[in-house]
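As a plain string of letters, each chain reads:
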Amino acid sequence: MNGWTTSRAFGDPDLTPDNFSSFSKQEISADTAAKGLAQLEPIPSVRSTTPMELSSVIGVDLVQKIQSAGKIIFHTVGDTGGIHSPEFQFAVADAMAADLASGASFWYHLGDVVYYFGQEQYYFEQFYDPYRNYNAPIFAIPGNHDGAIYKGETAKSLDAFVANFCTSQPTRSPDSQGAVRTTMDQPGVYFTLNAPFVKLIGLYSNTSEGGTEGVIANSKVGNAQSNFLKQQLAAAKAERDKGQWRALIIATHHPPFTGSSSHVPSPTMLKQIDEACSTAGIQPDLHLSGHAHLYERYTRTVGGKQIPYLVAGMGGYYDLPGLKPPNRRPSSPKTPLSGTDASGNPLRLEVYNDSTFGFLRLTISPTSVAGAFVTVDPTSGKSGVGDSFTVDLHANTVSSSGSGGTSRPSAAKRGASFKAKQASRRPAKSASKAGAKPPKVKSKSARTRGR
């Protein structure tokens, strides 16, 4: 298909008509009635810590074309599962498929592929069907909903995610209900992807929700992932020392920083990442995250290096804070807003938008990273630009190069709380949903749409 290796398949435009189905009240209530276990879950063992090469997915010839072009383009966004109101997910999905014309080579998903629990029966409606027109690979790190399990569930955390993204070789998943897209053969739920001009280190930040932080390592989940991060950062530093230079991106589902009204930042997670970076002698050029259902861009300065921290959780999940009824709509911080992080590093909130769906397009060359927040109007399907920025990889500076700012007028008290939120944790609260009835398992054919 369009030059991809024959062992794999991606887009499937003939799978279903280009429309969307709605989730029934029974299906939604089955999920919302389930009581999620408010606990961290074990991290599945990885097959290998050896980086995955993009060439093994798209082929050597296409990688050579990227090298010859002098740049690589890819998409990234998280929180896409179209539970409740799938029209938002389908609008973003169609816009992303159309944007492949920009030359994007793949999509790096930032987690929460399916809601509300990561069960296999939701992968067709929330993954395979919406992205039938996306004729390119989709890599992913899990989000908290992908790993969450409910009281009484027999499947292990992340079983379905592993079955669709971490198989030993590309294969047809029963969850795809006949879609031609094959599974991704990532070596684990945390992994490194090597591509021309960029190295992406993706980490799994576990199942924390609401007022609890993301976790990559501790006494309960172990230190294997932390050791992996240290190993990968040391390898990245060694490559640069040998002149094998490429941009370094770290991705976590939970954001190190966020001004979200319903999610909190993860300073402990960030401290662990910082310590690993400091030990290896290398800092990321960009940090990607989702979880909070909005778009934010921060500039953090570490040792004189400006680093963008992006929160991109506006990929299709319906509950954007800025779209709530006026009496429930949170106030937004006025941007730009400067402060410091928990370690005293300068931190600046450049853009805050909690009312617009869309995705990120990143273009990386040997000298720069150019980012664009591509906005999507769910009603008209039209795309726009909500923010654009450039990272100078030689000067280690970040510059805004387009529209952005706050999506709505802000309240002063919202801005005043910015510093405190980054430096402290909120009291933990349960991620459980009310009730105790487990989700109803529906037939795989029950919701399949006709051709």
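Here, the structure is the one placed above.
Conventions used here
- Residues numbered from 1 in each chain as written.
- Predicted model: local features only at pLDDT ≥ 70, side-chain atom pairs only at ≥ 80, totals over all residues.
- Heavy atoms only, no water.
- Helix = DSSP H or I, 4+ residues; strand = E, 2+ residues; numbered from the N terminus.
- Contact = heavy atoms within 4.5 Å.
- Areas by Shrake-Rupley, 256 points an atom, 1.4 Å probe, with all protein chains shown as cover.
- Buried < 20%, exposed > 50% of the residue type's maximum accessible area, 1.4 Å probe, protein only.
- Pairing = 2+ DSSP bridges.
- Axes fitted to C-alpha atoms, helices over the stretch in contact; angles between N-to-C directions.
- Phe/Tyr/Trp six-rings, centres within 6.5 Å; stacked < 30°, edge-to-face > 60°.
- Salt bridge = Lys/Arg side-chain N within 4 Å of Asp/Glu carboxyl O.
- Polar contact = N/O pair within 3.5 Å; in protein donor to acceptor, adjacent residues only side chain to side chain.
- Expected span 1.5 Å × (residues − 1).
- Core = buried A, V, L, I, M, F, W, Y, C linked by side-chain atoms within 4.5 Å.
- Left-handed = near helix turned anticlockwise from the far one by under 90°.
- Nonpolar A, V, L, I, M, F, W, Y, C, P; charged D, E, K, R; others polar.

Caption draft 1: Here's a closer look at the overall build of the chain. Scanning the chain from N- to C-terminus turns up eleven helices and 16 strands. Sequence-distant contacts in the chain: of pairs separated by 6 or more residues, those separated by 24 or more amount to 75%. With an accessible surface of roughly 16900 Å², the chain has 52% of that area assigned to carbon and sulfur atoms.

Caption draft 2: Region of the structure containing the pairing of strand β5 (residues 191-195). Burial of β5 is extensive: five of the five residues sit out of reach of the surface. Here β5 shows a buried face lined by F191, L193 and A195 and a second buried face lined by T192 and N194. Bridge analysis of strand β1 (residues 52-53) against β5 gives two bridges, and the strand direction is parallel. Counted as the bridge partner of M52 is L193 from β5. Bridging between β5 and strand β6 (residues 198-202) involves five bridges; their strand directions are antiparallel.

Caption draft 3: The sheet that holds strand β16 (residues 397-400), seen in detail. Taking strand neighbours across the sheet as the criterion, the seven strands line up as β4-β3-β2-β13-β14-β15-β16 in an open arrangement whose pairing is mixed. The open sheet has two edge strands, β4 (138-140) and β16, and neither has a second partner. On average, each strand axis in the sheet is tilted by 25° relative to the strand beside it, whichever way the strands run. Sheet topology note: the strand β13 (residues 357-364)/strand β14 (residues 368-376) ladder contains eight bridges and is antiparallel. Each residue of the ladder has a partner; that of F357, found in β14, is V376. Packing of helix α4 (residues 87-99) onto the sheet brings it into contact with β2 (72-77), β3 (107-109), β13, β14 and β15 (383-392), and relative to β13 it is tilted by some 25°.

Caption draft 4: The arrangement of the sheet that holds strand β12 (residues 346-353) in detail. The nine strands are arranged β1-β5-β6-β7-β8-β10-β9-β12-β11 in an open sheet whose pairing can be described as mixed. A single partner strand is all that each edge strand has here, and the edge strands are β1 and β11 (337-340). Of the strands in this sheet, β5, β6 and β7 (247-251) are in contact with helix α8 (residues 224-241), which crosses β6 at around 170°.

Caption draft 5: Main features of the packing of aromatic side chains. For the structure shown, the criterion picks out 19 aromatic pairs. Note on Y115 and Y116: the rings are 6.1 Å apart at their centroids and 80° apart in plane angle, and the pair reads as edge-to-face. Each of the two residues, Y115 as well as Y116, counts as buried. In textbook terms, an aromatic cluster arises when at least three aromatic residues are bridged by ring pairs, as seen for W107, Y123, F127, Y128, Y131, Y134, F161 and F165.

Caption draft 6: View of the side chain of S365. Position of S365 relative to the elements: it lies in the loop between β13 and β14. Overall, the relative accessible area of 14% leaves S365 in the buried class. Every residue in contact with S365, bar those within four places of it in the chain, is listed here: G70, K71, F197 and L393.

Caption draft 7: Structural view of the pattern of salt bridges. Summed over the entire model, instances satisfying the criterion amount to 13 salt bridges. One salt bridge in this structure joins D129 and R132, with 3.5 Å as the shortest N-O distance. Each member of the pair, D129 as well as R132, carries the same accessibility label: buried. Put simply, K199, E239 and R246 are held in one network by salt bridges that share partners.

Caption draft 8: Looking closely at the environment of T279. Mapped onto the elements, T279 comes out in helix α9 (residues 267-280). A relative accessible area of 70% places T279 in the exposed class. For the pair T279 and K230, spaced 49 residues apart in sequence, the C-alpha separation works out to 7.9 Å. A polar atom in the side chain of T279 sits 2.9 Å from the backbone oxygen of E275.

Caption draft 9: A look at α8. For α8, built from 18 residues, the straight-helix expectation of 26 Å at 1.5 Å per residue is met to within 8% by its first-to-last C-alpha distance of 26 Å. Tucked inside the fold, the buried residues of α8 contact β5, β6, β7 and α9. Immediately beyond the C-terminal end of α8, within one or two residues, lies G243, with a positive phi of roughly 85°.

Caption draft 10: Fine view of unusual backbone geometry. Note that the residue after Y115, namely Y116, is joined by a cis bond; omega there is -10°. Secondary-structure assignment places Y116 in the loop between β3 and α5 (123-128). In this model, T335 is joined to P336 through a cis peptide bond whose omega is 0°. Of note in the backbone geometry, D79 takes a positive phi value of approximately 55° without being a glycine. If you trace the backbone, D79 turns up in the loop between β2 and α4.

Caption draft 11: Focus on the side chain of N353. Structurally, N353 is set in strand β12. Only 3.0 Å separates the side chain of N353 from the side chain of T356, close enough to count as a polar contact.

Caption draft 12: The arrangement of the nonpolar core in detail. Formed by 98 residues in total, the largest nonpolar core has its most connected members in Y108, F139, F165 and L233. With six residues, α4 is the single largest residue contributor to this core. Beyond its immediate chain neighbours, meaning those up to four positions away, L233 contacts I201, L248, I250, A276, C277, A280 and I282.

Caption draft 13: Summary view of α9. Taking 1.5 Å of rise per residue, the 14 residues of α9 would be expected to cover 20 Å, and the 20 Å separating its terminal C-alpha atoms lies within 8% of that figure. Looking at α9, one finds that the buried residues are P267, M269, L270, I273, D274, A276, C277 and A280.

Caption draft 14: Just the packing of α8 against α9, in detail. At a minimum axis separation of 9 Å, α8 and α9 run at an interaxial angle of 35°. For the pair α8 and α9, the crossing hand works out as right-handed. The residues of α9 that touch α8, namely those facing L229, K230, L233, A234 and K237, are I273, A276, C277 and A280. Residues of the contact of α8 with α9, tallied by class, amount to seven nonpolar, no polar and two charged.

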